Amino acid sequence: MRRKMIAGNWKMNNNQAASRDFVEKLESWFANEPTGTKAASVAASGKIEVVIAPPFTSIEAVRAAKKSGIIQIAAQNVHHESKGAFTGEVSLPMLEEAGCKYAIIGHSERRHVFHEPDEALEKKLIATLESNVLPIFCVGELLEERTAGNAEKVLARQLESAWTSLTSDIVGEMLVVAYEPVWAIGTGQTASNGDAERACDFIRTLAYEKFGIAASESLRILYGGSVKPDNSASLLSQSDIDGLLIGGASLEVESFEKIIETSV
Ligand code: PGA
């Protein structure tokens, strides 16, 4: 049984005050105050993992405001070296000390806006797996790659260039993959349930071929790209989608809560 993950990627939004306010509201919702919702059962079930990826400067505010143990923190990026002359970068030991359980690697904005190549992402993935921080490794095709019929080729290239040296145990126990078609991110154009499921099934099949049945069955695969409260339940009902990576709809605490509710 794969534990569902609902992850909010705040990108470059929410300063410290806004982060604190968000987490305090979410915590009181988990505590079933003041209105009474399904939230308490979510909190108690332990069946889902709620993750927030704040900007680096707001990590401490989130860490200080979370108290129930339900919320985990993810960094939005990492550097593969643990220290040194890398201006503007943040290392894995620093993220661990700051309270991050996860780090997002290879988000489409890192790949396409900041031009991070496959080779750099492989280094980040390997360094993360050697640290005490767990990776959420993002893959996804551009619209023109999909239109040209190359979506699966792109996913295979992105994964194979990153996970070649990994072992079955690591893939099964530590890796989370997020399928985020680039054309669906921030566009309001969600992948259909069928397209999202086919891509996640394809990723699981690749994991099966390379790492075997046990690893592929326990690998968690998230979908991301214009997830909203009104499409989250149907996406989560797909058999190979184990969670969601949410951008815009994770910025409003009410919509994030609604998405969490649909995962119960
Ligand atoms: P979106 O972003 O939900 O705003 O489309 C998703 C993401 O970038 O992870």
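In this report, we go over the structure that sits alongside the text. This one's a predicted model, so the numbers in the text were calculated from it and none came from an experiment.

Another point: the sheet that holds strand β8 (residues 243-246). Overall, parallel pairing links the eight strands, which are arranged β1-β2-β3-β4-β5-β6-β7-β8 in a closed barrel. Neighbour-to-neighbour, the strand axes of the sheet open up by a mean angle of 25°, direction not taken into account. Bridge analysis of strand β3 (residues 71-75) against strand β4 (residues 100-105) gives three bridges, and the strand direction is parallel. Among the inter-strand pairings, A74 is bridged to a residue of β4, identified as Y102. In the packing of helix α1 (residues 16-30) onto the sheet, contacts are made with β2 (48-53) and β3, and the angle to β2 comes to roughly 170°. Those strands touched by helix α6 (residues 118-129) are β4 and β5 (134-139), and its axis lies near 155° from that of β5.

Let's shift gears to the pairing of strand β1 (residues 4-9). Among the six residues of β1, five are classified as buried, and the element is accordingly described as predominantly covered. Summarising the sheet, β1 and β2 pair through six bridges and their orientation is parallel. Within β2, the residue paired with N9 across the bridge is A53. Pairing between β1 and β8: four bridges, direction parallel. Looking across to β8, one finds that I6 is bridged to L244.

The rules behind these values
Residues numbered from 1 in each chain as written. Predicted model: local features only at pLDDT ≥ 70, side-chain atom pairs only at ≥ 80, totals over all residues. Heavy atoms only, no water. Pairing = 2+ DSSP bridges. Helix = DSSP H or I, 4+ residues; strand = E, 2+ residues; numbered from the N terminus. Axes fitted to C-alpha atoms, helices over the stretch in contact; angles between N-to-C directions. Contact = heavy atoms within 4.5 Å. Buried < 20%, exposed > 50% of the residue type's maximum accessible area, 1.4 Å probe, protein only.

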